Amino acid sequence: MLSKFSVKKPYTVVVAVIMVLILGTISFINLETDLLPSMDLPYLVIMTTYPGASPEEVELVVTRPIEQVVATTSNIKDINSISSENSSLVIMEFNNNVNMDSVIIEINSNLDLIKGAWNDSIGNPMIIRINPDMLPVMISAVDMKDVDIAQVSRIAEEQIIPELESVEGVASVTGVGLLEEKIQVTIS
């Protein structure tokens, strides 16, 4: 049937093919690609700083009270925590159908209950949503031939990192493993 129509009305078929090509070209030009589409993952992280505290003290004073308070949050699936020197991380996983905005409000109100019992040296808890856009796009290593590690660290801090930060679209650049020179003065 299509072949009969194509033979009887060739101009109509040619116009239809040209229209399809034009619409396809316009669609292809306006098509935006995104390697990491926007996803709303059901994870939250509560970061709290406690300068000068040992991991055991952070566990007792900060991490356990936060875990106990947020455990009452609705639709929570799992809670994990990491207590390290000077900081506490509490990672929460929720059910997939939960509204993360309402969960953040609920957790904020629960955290207000325990913040009053803390001393002033404990920082305010920061609630962070886990988002794939937070992942690093690039991880690089820097090395130079016939240059010691102190000079490589200095060049990375003073030249490479500022240059990368000035690139449009770059949110932040972090140097890890750079050598920091310190002067120790001992008085006899």
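First, a word on scope: everything that follows refers to the structure included in this document. Note that the structure is predicted; figures quoted are calculated from it, not measured.

## Let's talk about the overall build of the protein chain
Part 1 of the reasoning: Secondary structure summary: the protein chain contains 5 helices and 4 strands in total.
Part 2 of the reasoning: Listed N to C, the secondary structure of the protein chain is α-α-β-α-β-β-α-β-α in terms of helices and strands.
Part 3 of the reasoning: Taken against the 2.2 N^0.38 rule, which gives 16 Å for 188 residues, the C-alpha radius of gyration of the protein chain at 28 Å runs more than 25% over that of a compact globule.
Part 4 of the reasoning: Principal-axis analysis of the C-alpha atoms places the extent of the protein chain at approximately 105 × 60 × 20 Å.
Part 5 of the reasoning: Taken across its 188 residues, the protein chain has 20% of its residues classed as buried.
Part 6 of the reasoning: By sequence separation, contacts in the protein chain at least 24 residues apart represent 62% of the contacts at least 6 residues apart.
Part 7 of the reasoning: Averaging the positions of the 10 positive and the 25 negative side-chain charges in the protein chain gives two centres separated by 20 Å.

## Re the sheet that holds strand S3 (residues 87-94)
Part 1 of the reasoning: With respect to topology, 4 strands assemble into an open sheet ordered S2-S3-S1-S4, the strand pairing being antiparallel. Edge positions in the sheet fall to strand S2 (76-84) and strand S4 (126-129), since each of these pairs with one other strand and no more. Pairs of neighbouring strands in the sheet enclose a mean axial angle of 20°, with direction left out of account.
Part 2 of the reasoning: Both strand S1 (residues 43-49) and S3 contribute to a ladder of 7 bridges, which runs antiparallel. For Leu44, the partnering residue across the bridge sits in S3 and is Met92.
Part 3 of the reasoning: Here helix H3 (residues 55-70) sits on the sheet in contact with S1, S2 and S3, set at roughly 165° to S2.

Criteria and cut-off values
Residues numbered from 1 in each chain as written. Predicted model: local features only at pLDDT ≥ 70, side-chain atom pairs only at ≥ 80, totals over all residues. Heavy atoms only, no water. Helix = DSSP H or I, 4+ residues; strand = E, 2+ residues; numbered from the N terminus. Rg over C-alpha atoms; globule rule 2.2 N^0.38 Å. Buried < 20%, exposed > 50% of the residue type's maximum accessible area, 1.4 Å probe, protein only. Contact = heavy atoms within 4.5 Å. Lys, Arg positive; Asp, Glu negative; His and termini not counted. Charge placed at Lys NZ, Arg CZ, Asp CG, Glu CD. Pairing = 2+ DSSP bridges. Axes fitted to C-alpha atoms, helices over the stretch in contact; angles between N-to-C directions.

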